[in-house]
Amino acid sequence: MTTTHADDTATLDERIHRDPAAFRVLTGDRPTGALHLGHYFGTLHNRVRLQDLGVETFIVIPDYQVLTDRDVAERLAATMEGLLLDYLAVGIDPERSVIFNHSAVPALNQLLLPFLSLVSVAELGRNPTVKDEIAHSRQASVSGLMFTYPVHQAADILFCKGNLVPAGQDQVPHLEVARTVARRFNERYGPVFPEPEVLLSAAPLLLGTDGTKMSKSRANSIALSADADTTARLIKGATTDTERHITYDPEGRPGVSGLVLLAALCLDRDPYDVAEEIGGGGAAALKRTVTDAVNTRMAPMRARRAEYAAELGYVRSVLRAGNARANAIADATLTQVRQAMGGLV
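Note that the coordinates shown come from a computational prediction; the quantities given were computed from them, not determined experimentally.

(A) Highlighting the overall build of the chain. Looking only at helices and strands, one finds 15 helices and five strands in the chain. Relative to the compact-globule value of 20 Å for 345 residues, the chain shows a C-alpha radius of gyration of 21 Å, a close match. Here the C-alpha coordinates of the chain stretch approximately 70 × 50 × 45 Å along the principal axes. In the form shown here, the chain has an accessible surface area of approximately 15500 Å², with 53% of it arising from carbon and sulfur atoms. Positive and negative side-chain charges of the chain, numbering 35 and 41 respectively, have mean locations separated by a distance of 4 Å.

(B) Geometry of the nonpolar core. One finds Leu-37, Tyr-87, Ile-99 and Leu-262 to be the most contacted residues of the largest nonpolar core, which totals 47 residues. Every element with two or more residues in this core is listed here: helix H2 (37-53), strand E2 (56-61), helix H3 (76-90), helix H12 (254-267), helix H13 (271-278), helix H14 (282-309) and helix H15 (312-340). Counting residues per element, this core draws most heavily on H12, at nine residues. Dropping the residues within four chain positions of it, Leu-37 is found in contact with Leu-206, Met-214, Ile-222, Leu-224, Leu-262, Val-294 and Met-298. Within the second largest apolar cluster, 40 residues are counted, among which are Phe-115, Phe-185, Phe-193 and Leu-334.

(C) Structural view of the side chain of Asp-86. With respect to the helices and strands, the residue Asp-86 is situated in helix H3. A relative accessible area of 3% places Asp-86 in the buried class. Not counting residues within four places of it along the chain, the set of residues in contact with Asp-86 comprises Leu-35, Leu-224, Ser-225 and Arg-305.

(D) Here's a closer look at the packing of H12 against H13. Between H12 and H13, whose axes approach to 8 Å, the crossing angle comes to 110 degrees. Accordingly, the angle class assigned to the pair H12 and H13 is roughly perpendicular. With respect to the hand of their crossing, H12 and H13 are arranged in right-handed fashion. Residues Val-260, Leu-261, Ala-263 and Ala-264 of H12 pack against Pro-271, Val-274 and Ala-275 of H13. Residues of the contact of H12 with H13, tallied by class, amount to seven nonpolar, no polar and no charged.

(E) Local environment of the pairing of strand E5 (residues 197-200). Burial of the side chains of E5 extends over both faces: Glu-197 and Leu-199 are buried on one face and Val-198 and Leu-200 on the other. Taken together, strand E4 (residues 164-167), helix H10 (residues 172-189) and E5 form a β-α-β motif whose crossover is right-handed.

(F) Region of interest: the packing of aromatic side chains. In total, this model carries eight aromatic pairs according to the counting rule given. On the basis of an interplanar angle of 75 degrees and a centroid distance of 4.9 Å, the ring pair of Tyr-40 and Phe-41 is categorised as edge-to-face. Comparing Tyr-40 with Phe-41 shows no difference in burial state: the two are buried. Put simply, the rings of Phe-115, Phe-185, Tyr-189 and Phe-193 touch in pairs and so form one group of aromatic residues.

Conventions adopted
Residues numbered from 1 in each chain as written. Predicted model: local features only at pLDDT ≥ 70, side-chain atom pairs only at ≥ 80, totals over all residues. Heavy atoms only, no water. Helix = DSSP H or I, 4+ residues; strand = E, 2+ residues; numbered from the N terminus. Rg over C-alpha atoms; globule rule 2.2 N^0.38 Å. Areas by Shrake-Rupley, 256 points an atom, 1.4 Å probe, with all protein chains shown as cover. Lys, Arg positive; Asp, Glu negative; His and termini not counted. Charge placed at Lys NZ, Arg CZ, Asp CG, Glu CD. Core = buried A, V, L, I, M, F, W, Y, C linked by side-chain atoms within 4.5 Å. Buried < 20%, exposed > 50% of the residue type's maximum accessible area, 1.4 Å probe, protein only. Contact = heavy atoms within 4.5 Å. Axes fitted to C-alpha atoms, helices over the stretch in contact; angles between N-to-C directions. Parallel < 35°, antiparallel > 145°, perpendicular 65-115°, else oblique. Left-handed = near helix turned anticlockwise from the far one by under 90°. Nonpolar A, V, L, I, M, F, W, Y, C, P; charged D, E, K, R; others polar. Right-handed = clockwise from strand over helix to strand, strands pointing away. Phe/Tyr/Trp six-rings, centres within 6.5 Å; stacked < 30°, edge-to-face > 60°.

Written out as structure tokens, the structure reads:
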């Protein structure tokens, strides 16, 4: 059964708490830009939570997938290094989580060929997430890599026998492809893969400084790597409105409400209470509150990030160790796949 509703997610979360060792998480971030506060509150802090519960966690940096909607992978090495620093700064522990990059694990990518044989062109074409990504692609024409993106993600998940994927609702169609691939492979060749379950994110949508969804590509985000002064400047320039009294009304006042929500998340408070407290203080008081809340919440992470940035040799060794672990698992999985398929792969 696909986990698609809040009650299903709550039940799944209870199972995770009861037996965290029964789950293996696969998640990751494309290295297309700096991670920001939306990533932190949307996914990163949940990864740390699952890791700390005792769930074995794999985090892929899917460098090959940069090319799904870009002609070249710009500043790839620097971006990947930035991701590693952010992961370590927020609390990802390389002793308990495996961080690796896509292109360093050949056996993982070799799974793409047999997996593509298990889905039809029509099924890929109907995927609503692919349709949306194609519509917003930065390329003049769509590559085959974009079209087969969900199958590539299936390989990412299934190479390590991942059975739990934290995701937003918009990613559910991709996860359905992974479930379909696992089920059809098992039916055709024998039981090798689990059917991964989706742990839906309960995080609210965090808006950027322009009042729209915070995104790496929209120049409206506050990067986790931003210092206190840069953060203050970005918040000072954020979109609000002409009404002085501050209220939390996401539909009617997206800009103001996005800032209220950001402060509430950083303070672990209810956004309605934060808005009521600011009240007639206006946009200036709101922005001061948000700036103080963000900078206070981020201060320990910034300090850890600076420490790791001064030890880049260690940071790179984390990725090397993760790649070695991922390769060992991928090789074992590919051996199983070959045996199941009679040596075809």
